[in-house]
Amino acid sequence: MAKAPNRLIVFMSKRMIACDEASFLISVREDRRLGFRRWWQLKMHLLSCHLCRKYARQVGELRYTMEVYREGCSHESCTHHLSPAAGSRIGEELSRELKAK
Amino acid sequence: MSDSKENILDPQQWVERYGDYLFNYAVVRVNDSGKAEDLVQETFLAALKARDRFRGDSAERTWLTSILKRKIIDTYRKKYSSKEFAFGEHEDTIFDGDFYRSEEPFKGHWLEGKGPNSYTLLPEGELEQEELMRFINLCIENLQPQLASAFIMRMIDEEDSDTICKELGITPSNLWVMLHRARLKMRDCLEKHWLK
């Protein structure tokens, strides 16, 4: 009876993952569903690791930030503009090509 | 087939009407304004050649954007196959000596200062759009080109993994590792910029 907890600990620790695997799973989780075993391993790791908990939160924030970045530039009001010089250069190139036809 | 005016191609006005839009689209994805200008020009020229094939069943801008999108993916592919970039022997493993400790018994733990430091990645208060753009640009520039391509296709174009793997000629497990590394580096880079 006394051995049971030890065996349990050994059993559990063989299945424990370190931060490298945990952060990998946090990333994979962004793109697809984890299987039960991986999900459980990550859950257990996050319970005991405050750095990876922060990491998981920040990866979510990174997704949000990239969304803001994408949205910010999909509207007409974006901060990037084709410079007048480049605009006229491209215009000239186009009309030259049109005339050649 | 539609005869409505919007669907008739008018190359003369393209630059004026779509130049900024296409330039934006390109610069967010290639992170280089010179390169983006070239891509816009190539797009217009390609569109001019393919003008007869324009069916008019989509808006002109959508059509031009689809041509530009192809061109951007081609630049990713070129970057991916460039010789100057070597992915290293760890291409398929999640271990990265830049971020994790390699000595027992702490193998796989965060290296000092490489794990997250602050609780949040975002600065306090309203996020300044321009500042955000600048930092993201900087951090994407710091990524190796292959990582950047995969990251942009996933996060900005929201392509699914099958499409990205097909376009870049990689396996799904390559892709998961690449996205993981890109996220590691982007997170690290953004946190450092905002903590300053």
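Chains are numbered independently. Their residues run from 1 in the order of the written sequence. Numbering of ligands from 1 and lettering of chains from A proceed in the order in which they are written. Totals for whole chains, interfaces and linings use every residue, but because this is a predicted model, local features are given only for residues with pLDDT of at least 70 and side-chain atom pairs only at 80 or more, for both listing and counting.

Let's talk about the overall build of chain A
Short version of the rule: In DSSP terms, a helix is any run of H or I states spanning at least four residues, a strand is any run of E spanning at least two, and both are numbered starting from the N terminus. Three exposure classes are used, all based on how many other C-beta atoms lie within 10 Å of a residue's own C-beta (placed from the backbone): buried at 20 or more, exposed at 12 or fewer, and partly exposed between those limits.
Of the regular secondary structure elements, chain A holds five helices and zero strands. Shown N-terminal to C-terminal, the secondary structure of chain A runs as helices and strands in the order α-α-α-α-α. Looking at chain A residue by residue over its 101 residues, the buried ones come to 25%.

What to know about the overall build of chain B
We apply this condition: Any pair of residues counts as being in contact when their C-beta atoms, constructed from backbone geometry, are within 7 Å of one another.
Of regular secondary structure, chain B possesses seven helices and zero strands. Put simply, chain B has 196 residues, and 33% of those count as buried. Sequence separation of 24 or more characterises 69% of the internal contacts of chain B that already satisfy a separation of 6 or more.

A closer look at the interface of chain A and chain B
Reports often express the size of an interface as the amount of accessible area lost when the parts come together. Rule in force here: Amino acid classes used here: Ala, Val, Leu, Ile, Met, Phe, Trp, Tyr, Cys and Pro are nonpolar; Asp, Glu, Lys and Arg are charged; the rest, including Gly, are polar.
Taken together, the contacts link 38 residues of chain A with 45 residues of chain B. Those elements giving two or more residues to the side of chain A that touches chain B turn out to be α2 (19-31), α4 (50-72) and α5 (84-100) of chain A. A per-element tally of the side of chain A that touches chain B places α4 of chain A first, with 14 residues. Per-class residue counts for the side of chain A that touches chain B are 18 nonpolar, 10 polar and 10 charged.

Quick notes on the nonpolar core
Residues and elements named next belong to chain B. This is how the line gets drawn: The term nonpolar core refers to a group of buried residues, namely Ala, Val, Leu, Ile, Met, Phe, Trp, Tyr and Cys, whose C-beta atoms join them within 7 Å. Note that the domain bounds were set by an automatic or database domain assignment.
The biggest cluster of nonpolar side chains holds 62 residues, and the ones touching the most others in it are L22, A26, V40, A150, F151 and A182. Of the residues forming this core, the biggest block, 11 residues, is contributed by helix α1 (residues 11-30). For this core, the two domains that each supply at least three residues are domain 1 (5-81) and domain 2 (129-195). When residues no more than four places from it in sequence are discounted, the contact partners of A182 are L143, L147, A150 and F151.

Some words on the confidence of the model for chain B
Residue and element names in this part refer to chain B. This is how the line gets drawn: One confidence number per residue, pLDDT, is output by the predictor and ranges from 0 to 100.
Taken as a whole, chain B shows an average pLDDT of 80; of its residues, 81% reach a score of 70 or greater. Long-range and interchain partners of residues 1-7, a stretch whose pLDDT sits below 50, account for seven contacts in this model, where long-range means more than four residues apart. Under the prediction, the complex receives an ipTM of 0.78, its pTM being 0.80.

Details of unusual backbone geometry
All names here are of chain B. A cis geometry characterises the amide bond from E104 onward to P105, with omega recorded as 0 degrees. Positive phi values are uncommon outside glycine, yet N31 reaches one of about 65 degrees. Located in the positive-phi region is E158, a residue other than glycine, with phi close to 50 degrees.

Digging into the domain arrangement of chain B
Residue and element names in this part refer to chain B. Domain boundaries assigned for chain B yield domain 1 (5-81) and domain 2 (129-195). Computed over C-alpha atoms only, the centres of domain 1 and domain 2 are separated by 23 Å. Listed per partner, the contact involves eight residues of domain 1 and 10 residues of domain 2. Every element with two or more residues in the side of domain 1 that touches domain 2 is listed here: α1 and α3 (60-81). The element contributing the most residues to the side of domain 1 that touches domain 2 is α3, with five residues. The class makeup of the residues in the side of domain 1 that touches domain 2 is four nonpolar, one polar and three charged.

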